[in-house]
Amino acid sequence: MNQAASDTGTDRKFANTLARGLGILRAFRASDSGLSHAQIAERTGLPKPTVSRLTYTLCELGYLAHGGRNDKFRLGPAAIALGSVASVAVSFVDMASDAMQELADETGTLALIAVRDGDRMMLVRTWRPRTASTIWLEPGHRIPVYGSSSGLATLASLDEDRFEALEPDDRLRDFRREGYEQLLAQGFVLAPPDTRYARNVNAVSVPYYAGEFGEPVSFSCGALPADLPDDRILSQVGPALRDVVSGIEQRTGRAPALSRRG
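To start, this report covers the structure provided alongside it. Here the structure is a predicted model, which is why all the values come from computation and not from measurement. (Residues numbered from 1 in each chain as written. Predicted model: local features only at pLDDT ≥ 70, side-chain atom pairs only at ≥ 80, totals over all residues. Heavy atoms only, no water.)

1. Some remarks on the sheet that holds strand S7 (residues 215-223)
What counts is decided by this rule: At least two DSSP bridges between two strands are required for those strands to pair. Each helix corresponds to a stretch of at least 4 residues labelled H or I by DSSP, and each strand to a stretch of at least 2 residues labelled E; elements are numbered beginning at the N terminus. All axes are obtained by fitting lines to C-alpha atoms, using only the stretch in contact for helices, and the reported angles, taken between N-to-C directions, cover 0 to 180 degrees.
Read across the sheet, five strands follow the order S5-S4-S3-S7-S6 without closing on themselves; strand pairing throughout is antiparallel. The open sheet has two edge strands, strand S5 (142-144) and strand S6 (202-210), and neither has a second partner. Each neighbouring strand pair of the sheet contributes to a mean axis angle of 35°, computed without reference to strand direction. As paired strands, strand S3 (residues 110-117) and S7 are joined by five bridges and run antiparallel to one another.

Pasting the structure below:
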């Protein structure tokens, strides 16, 4: 279930109305030209009357905007300003940009950074190769933690307290253990074939400890399986991605993400 619509009434400190409002903002994607009430309801799992009340409030506060009664909603100036402040505060993303674009061009893969968002990984930046066609996933797109290389890299280097807060089952524990062993052996991870959430995407990931978030994020490269088979990941793309992340760690003075795992 979408996080905005989940029942968190057991936690007295949790503000459900705030969570639902933020869930509406998170429903927007970079390629959207606007969303209707029905589209927002579908993406968030919230009832339409609730969506209507929340969009009204968000418009009044400047986080959403729309041109008229039947116009679609778009992110407003307050949301744009908040995003600009956040992008400046997270300096490693811009620092990585040139190296990640070069990696995308050299490998013909979609290079990206993904952050943990509950039980999903959210893409926050992508770099598409300039001279090759490949899969295209946009910032804001979410993929499962379990079954993705991005999720595997993050889980493998997540500290024990944050991992246990996920209330993991045996399947997730085994998945995390596999990622930890891969990081120790080769410095990058790829989800085992029998766990992959999508059969039309192959990907490799390396964790990076983002001090701004207090936990690791994942740097990844992905493409269609025909363009990025596992043997190419192991021999070429994985080591290249590992070297890019290592260079960013050296520039930022950060220790490898795995070294921070408790």
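From this point, things continue past the structure.
2. Considerations on the packing of aromatic side chains
Counted only if it meets this: The pairing test for Phe, Tyr and Trp rings, Trp by its six-membered ring, is centres within 6.5 Å, and the orientation test on the planes gives stacked under 30 degrees, edge-to-face over 60, and tilted for anything in between. The rule is simple: take the accessible area with a 1.4 Å probe, protein chains only, and divide by the maximum for that residue type; under 20% is buried, over 50% is exposed, in between is partly exposed.
Counted by the stated rule, this structure contains five aromatic pairs. Geometrically, the ring pair formed by Phe 92 and Tyr 208 is tilted, given 5.0 Å between the ring centres and 40° between the ring planes. Placement of the pair is Phe 92 in helix H5 (residues 91-107) and Tyr 208 in strand S6, with a sequence separation of 116 residues. Since its relative accessible area comes to 1%, Phe 92 is described here as buried. Residue classification places Tyr 208 among the buried positions, given a relative accessible area of 0%. Ring centres of Tyr 208 and Phe 219 lie 5.8 Å apart, and the angle between their planes is 75°; this geometry places the pair in the edge-to-face category. A residue pair is termed long-range when its members are at least 10 positions apart, and Tyr 208 in strand S6 and Phe 219 in strand S7 qualify at 11 residues. Phe 219 shares its class with Tyr 208; the two are buried. Here the aromatic cluster, defined as three or more aromatic residues joined through ring pairs, consists of Phe 92, Tyr 208, Phe 213 and Phe 219.

3. Comments concerning the pairing of strand S4 (residues 120-127)
Bridge count for S3 against S4 is seven bridges, and the pairing is antiparallel. Residue pairing for S4: Ile 113 is matched across the bridge by Arg 125. Relative to S5, S4 runs antiparallel, the two being bridged by three bridges. Opposite Met 121, over in S5, you have Ile 143 as the bridge partner.

4. A few points about unusual backbone geometry
Notably, Glu 167 is not glycine yet its phi reads approximately 50°, a positive angle. Residue placement: Glu 167 occurs in the loop between helix H7 (160-164) and helix H8 (170-186).

5. Section: the environment of Arg 74
The test is simple: Distance and chemistry together define a polar contact, namely a pair of N or O atoms within 3.5 Å, with one atom able to donate a hydrogen and the other to accept it when in protein, and with adjacent residues in sequence counting only for side-chain atoms on both sides.
Structurally, Arg 74 can be placed in strand S2 (residues 74-75). With 46 residues separating them in the primary sequence, Arg 74 and Phe 28 have C-alpha atoms 7.9 Å apart. Within the structure, Arg 74 has its side chain in polar contact with the backbone oxygen of Ser 33 (distance 2.9 Å). Within the structure, Arg 74 has its side chain in polar contact with the backbone oxygen of Lys 72 (distance 3.1 Å).

6. Section: the side chain of Ser 149
The following threshold applies: A contact between two residues is defined here by any heavy atoms of the two lying within 4.5 Å.
You can see Ser 149 is positioned in helix H6 (residues 149-157). Here Ser 149 is in contact with Val 189, Leu 190, Ala 191, Ala 203, Val 204, Ser 205 and Ser 220, once residues within four sequence places are set aside.

7. Things to note about helix H3 (residues 48-60)
Heads up, the condition is: Multiplying 1.5 Å by the residue count of a helix minus one yields the expected span of that helix. As used here, the arc belongs to the directions running from the helix axis to the C-beta atoms.
Taking 1.5 Å of rise per residue, the 13 residues of H3 would be expected to cover 18 Å, and the 18 Å separating its terminal C-alpha atoms lies within 8% of that figure. Listed in full, the buried residues belonging to H3 are Thr 50, Val 51, Leu 54, Thr 55 and Leu 58. All buried residues of H3 fall inside an arc of 125° around its axis, so they share one side. Opposite the packed face of H3, turned more than 90 degrees from it, sit the exposed residues Pro 49, Arg 53, Tyr 56 and Glu 60. Close packing links the buried residues of H3 with helix H1 (16-26), helix H2 (37-44) and strand S1 (64-65). A positive phi of about 90° marks Gly 62, the residue just after H3.

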